[in-house]
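# Per-entry structural report
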Amino acid sequence: MDLTSIPRRKYTYGATPIEYLKNLSKLLNGPDIFIKRDDHLGLAGGGNKTRKLEFLVADALKNNADTLITCGAVQSNHCRLTLSAAKKEQLDCHLVLEERVPNSYNPKANGNNFLYNLLNAASKTVVPGGSDMVREMEKLAKKVEAEGKKPYIIPMGGSNEIGAIGYVACAEEINSQLRESSIDIDYIITPTGSAGTHAGLLTGMAESSHNIPIVGISVNNEKSVQEENVYRLVEKTSDYLNIKNRIEKSSVKIFDDYIGPGYSLSTDGMIEAVKLLSQREGILLDPVYTGKTMAGLIDLIRQGYFKKGEKVLFMHTGGSPALFNYSSLFQ
Ligand SMILES: Cc1ncc(COP(=O)(O)O)c(C=O)c1O
């Protein structure tokens, strides 16, 4: 697929590596596990939002915006990376932060919150969990406009049809890496939250001859809600890109068994996964997304869903800066 006509900023040079996790594969005695190191993407601290922001910020600049407004949870990787892109492009950046866990906002917290302060957000507005985030951002945009600025709103997680193109491009990148290295991957496993990563990968894979099945591990929503969110975004992204090959809704495969008590709340499986990856492979995961997704992969291997002789590619979508806010869980 030719994406070259779509405005894009470039925040990473070259492809992120695909590595074989030899020690973990041996320990679990199941499929061969590979990892796509999107934690090595550009901007402050890396992670999946960098790919989405290449297209979103290019669209903001095309629209002559001088200010970005976005939203996320109180420890949002997306907010950190949007701020980082804004600084690189010399744009203002305002954040609306949702306290999804009551009283979870602490202005002195470490992790991404510390980085919001270091990167110097123009403002942080904290709202209660369940707030209408679109309305909150629109309210802020009106205020910014009244000050003579031109705001551009980036949705939660950068997940609209423009942001998802980042992961359409990533699917192409993966396919070309696999062709070059002659590795046949049977499944890709990814965290799925605001849905852009999962939807972009599905859209991009449907356009390729590989068409590797994607398994999403939900970090927030129950299965039926998340399947609908991902499918709707695949449709919107395909429309935007004029793609004729449409996926069936049944190819949106999601497990919601690894959320535990709720978004960002700890589970035993997540703690085991974060420790295993750091101590067996020297790789840092995060407690909210990749830790729970790795917990899902480990459990699905133990249950026999992924089998010996198969090859699985785990999407490391980043997030490790958040670890520093959760250190007490790992003592
Ligand atoms: C580190 C990390 N991984 C995965 C995700 C989920 O990706 P998406 O929101 O595209 O579903 C996020 C979202 O914030 C994230 O920060």
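For the structure given in this document, a descriptive report is provided here. Quick caveat: nothing in here was measured; it's all calculated off a predicted structure. (Residues numbered from 1 in each chain as written. Predicted model: local features only at pLDDT ≥ 70, side-chain atom pairs only at ≥ 80, totals over all residues. Heavy atoms only, no water.)

We now examine the overall build of the protein chain. Assigned secondary structure in the protein chain consists of 10 helices and 10 strands. By the compact-globule yardstick of 20 Å for 331 residues, the protein chain fits well, its C-alpha radius of gyration being 19 Å. Taken along its principal axes, the extent of the C-alpha atoms in the protein chain is 60 × 50 × 35 Å. Of all 331 residues assigned to the protein chain, the portion counted as buried reaches 57%. In the structure as shown, the protein chain presents an accessible area of about 14000 Å², 47% of it carried by carbon and sulfur atoms. Distance from the positive charge centre (38 side chains) to the negative charge centre (38 side chains) of the protein chain: 4 Å. (Helix = DSSP H or I, 4+ residues; strand = E, 2+ residues; numbered from the N terminus. Rg over C-alpha atoms; globule rule 2.2 N^0.38 Å. Buried < 20%, exposed > 50% of the residue type's maximum accessible area, 1.4 Å probe, protein only. Areas by Shrake-Rupley, 256 points an atom, 1.4 Å probe, with all protein chains shown as cover. Lys, Arg positive; Asp, Glu negative; His and termini not counted. Charge placed at Lys NZ, Arg CZ, Asp CG, Glu CD.)

To continue, consider helix α6 (residues 165-181). Counted at 1.5 Å a residue, the expected span for α6 with its 17 residues is 24 Å, and the 24 Å between its end C-alpha atoms agrees. For α6, the buried fraction is high: 12 of the 17 residues fall into the buried class. All buried positions along α6 are accounted for by Ile165, Gly166, Tyr167, Val168, Ala169, Cys170, Ala171, Glu173, Ile174, Asn175, Gln177 and Leu178. (Expected span 1.5 Å × (residues − 1).)

As a matter of local geometry, the ligand sits amid 16 residues, with Lys49, Lys52, Gly193, Ser194 and Thr317 nearest to it. At a separation of 2.7 Å, an oxygen atom of the ligand approaches a polar backbone atom of glycine 193. A distance of 2.5 Å separates an oxygen atom of the ligand from a polar side-chain atom of serine 194. Protein coverage of the free-state accessible area of the ligand, which is 390 Å², stands at 97%. With respect to the pocket detection grid, the ligand is positioned in the largest pocket. Residue classes in the shell around the ligand are distributed as three nonpolar, 11 polar and two charged. Per-domain counts for the shell around the ligand show at least three residues from each of domain 1 (18-47 + 161-330) and domain 2 (49-158). (Near = heavy atom within 4 Å. Polar contact = N/O pair within 3.5 Å; in protein donor to acceptor, adjacent residues only side chain to side chain. 1 Å grid on protein atoms, 1.4 Å probe; cavity = no way out; pocket = protein on both sides within 12 Å on 5 of 7 lines; lining within 4 Å. Sits in = over half its atoms within 2 Å of the grid points. Nonpolar A, V, L, I, M, F, W, Y, C, P; charged D, E, K, R; others polar. Domains from an automatic or database assignment.)

Let us now look at the pairing of strand β8 (residues 214-218). Burial of β8 is extensive: five of the five residues sit out of reach of the surface. Burial along β8 is two-sided: Ile214, Gly216 and Ser218 and Val215 and Ile217, pointing in opposite directions, are all buried. Relative to β8, strand β7 (residues 187-192) runs parallel, the two being bridged by five bridges. Residue pairing for β8: isoleucine 188 is matched across the bridge by isoleucine 214. As for the winding sense of the linkage, the β-α-β connection from β7 through helix α7 (residues 196-206) to β8 is right-handed. Two strands pair when backbone bridges link them, and β8 and strand β9 (residues 253-255) are joined in this way by three bridges, in the parallel orientation. (Pairing = 2+ DSSP bridges. Right-handed = clockwise from strand over helix to strand, strands pointing away.)

With that settled, consider the packing of aromatic side chains. One pass over the full model with this rule turns up six aromatic pairs. Considering the side-chain rings of tyrosine 187 and phenylalanine 306, the 5.0 Å spacing of their centres and the 70° angle between planes classify their relative orientation as edge-to-face. Of this pair, tyrosine 187 sits in strand β7 while phenylalanine 306 is found in the loop between α10 (290-302) and β10 (311-316), placing the two residues 119 residues apart along the sequence. Phenylalanine 306 carries the same exposure label as tyrosine 187, and that label is buried. Here the aromatic residues Tyr187, Phe255, Tyr305 and Phe306 are joined through ring pairs into a cluster of three or more. Of note, arginine 100 hangs over the ring of tyrosine 263, and the distance from its end group to the ring centre comes to 4.4 Å. When the ring centre of phenylalanine 255 is taken as origin, the NZ or CZ atom of lysine 253, which lies over that ring, is 5.0 Å away. (Phe/Tyr/Trp six-rings, centres within 6.5 Å; stacked < 30°, edge-to-face > 60°. Lys NZ or Arg CZ within 6 Å of the ring centre and 35° of its normal.)

Turning next to the sheet that holds strand β5 (residues 123-128). On the basis of which strands lie adjacent, the open sheet formed by four strands has the order β5-β4-β3-β6 and parallel pairing. Both outer strands of the open sheet, β5 and β6 (151-153), are each paired with one neighbouring strand and no more. Averaged over all neighbouring strand pairs, the angle between strand axes comes to 25°, with direction disregarded. In terms of strand pairing, strand β3 (residues 67-73) meets β6 through three bridges, oriented parallel. Of the residues in β6, the one forming a bridge with leucine 68 is tyrosine 152. The strands touched by helix α3 (residues 77-89) within the sheet are β3 and β4 (92-99), with β3 carrying the most contacts at an inclination of about 165°. (Axes fitted to C-alpha atoms, helices over the stretch in contact; angles between N-to-C directions. Contact = heavy atoms within 4.5 Å.)

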